[in-house]
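Take a look at the letters that make up each chain.
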Amino acid sequence: MQSFLAFYAFALGAVVGSFLNVVIHRYPREESIVFPSSHCPHCNAPIRWYDNVPLLSWLVLRGRCRACRGPIAVRYPLVELANGLFYLALYFHTGPTVGFLPLAASWACSIRASCWPILLSTRSSAP
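Residues numbered from 1 in each chain as written. Predicted model: local features only at pLDDT ≥ 70, side-chain atom pairs only at ≥ 80, totals over all residues. Heavy atoms only, no water.

### As for a nonpolar patch on the surface
Basically, it comes down to this: Surface patches are defined over residues having more than 30% relative accessible area and no salt bridge, joining like charges when they lie within 9 Å and nonpolar side chains (Val, Leu, Ile, Met, Phe, Trp, Tyr) when within 5 Å. Every accessible area reported is derived by Shrake-Rupley at a probe size of 1.4 Å, with residue values counting cover from the shown protein chains alone. Salt bridge criterion: a side-chain nitrogen from Lys or Arg within 4 Å of a carboxyl oxygen from Asp or Glu. Counting from the N terminus, the helices are the DSSP runs of H or I reaching at least four residues and the strands are the DSSP runs of E reaching at least two.
Taken together, the side chains of F19, I33, V34 and F35 define a hydrophobic patch exposed on the protein surface, amounting to about 420 Å² of accessible area. Mapped onto the fold, F19 is located in helix α1 (residues 2-26).

### Brief notes about the state of the cysteines
For the record, the criterion: The disulfide criterion is simple: two cysteine sulfur atoms within 2.5 Å.
In total, this model carries zero disulfides according to the counting rule given. Just so you know, C40 is unpaired, no disulfide at all, and the nearest cysteine sulfur is the one on C65, 3.6 Å from it.

### Side note on the environment of P36
Residue placement: P36 occurs in the loop between α1 and α2 (56-60). The spatial distance from the C-alpha of P36 to the C-alpha of P46 is 8.7 Å, given a sequence separation of 10 residues.

### Description of the pattern of salt bridges
Short version of the rule: Buried means the residue's accessible area, taken with a 1.4 Å probe over protein chains only, is under 20% of the maximum for its type, while exposed means over 50%, and partly exposed covers the values in between.
One pass over the full model with this rule turns up one salt bridge. Residues R66 and D51 are paired through a salt bridge, measuring 2.8 Å at the closest nitrogen-oxygen approach. Separated by 15 residues along the polypeptide, R66 in the loop between α2 and α3 (75-94) and D51 in the loop between α1 and α2 bring together distant segments of the chain. We classify D51 as buried; its relative accessible area is 11%.

Written out as structure tokens, the structure is:
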């Protein structure tokens, strides 16, 4: 049971990391973080659900878009991995308690805040 909960904590962290990637990519471009669904930044092809599994899809596709074979930045799996590992470390520190949730949420906010310089440097100059 303990290893299942640890895996769940890591998977939850990777999924939250995937959402943080959406925020990191879209916020500076003043795009909605909800619509449209995930798409390739090169060819705008929609990303299918099975190509949007945190960490695994990037590895299976070798860091490339399935449609146009354009490169997908290594930042995406790194944010997912970092967030997953931190959620796992939090789980080992707090155990299966409600204390895990506020700490995990604080971590997610700090990841987003630490990416603020990246957000500002990639901000689109288009109106």
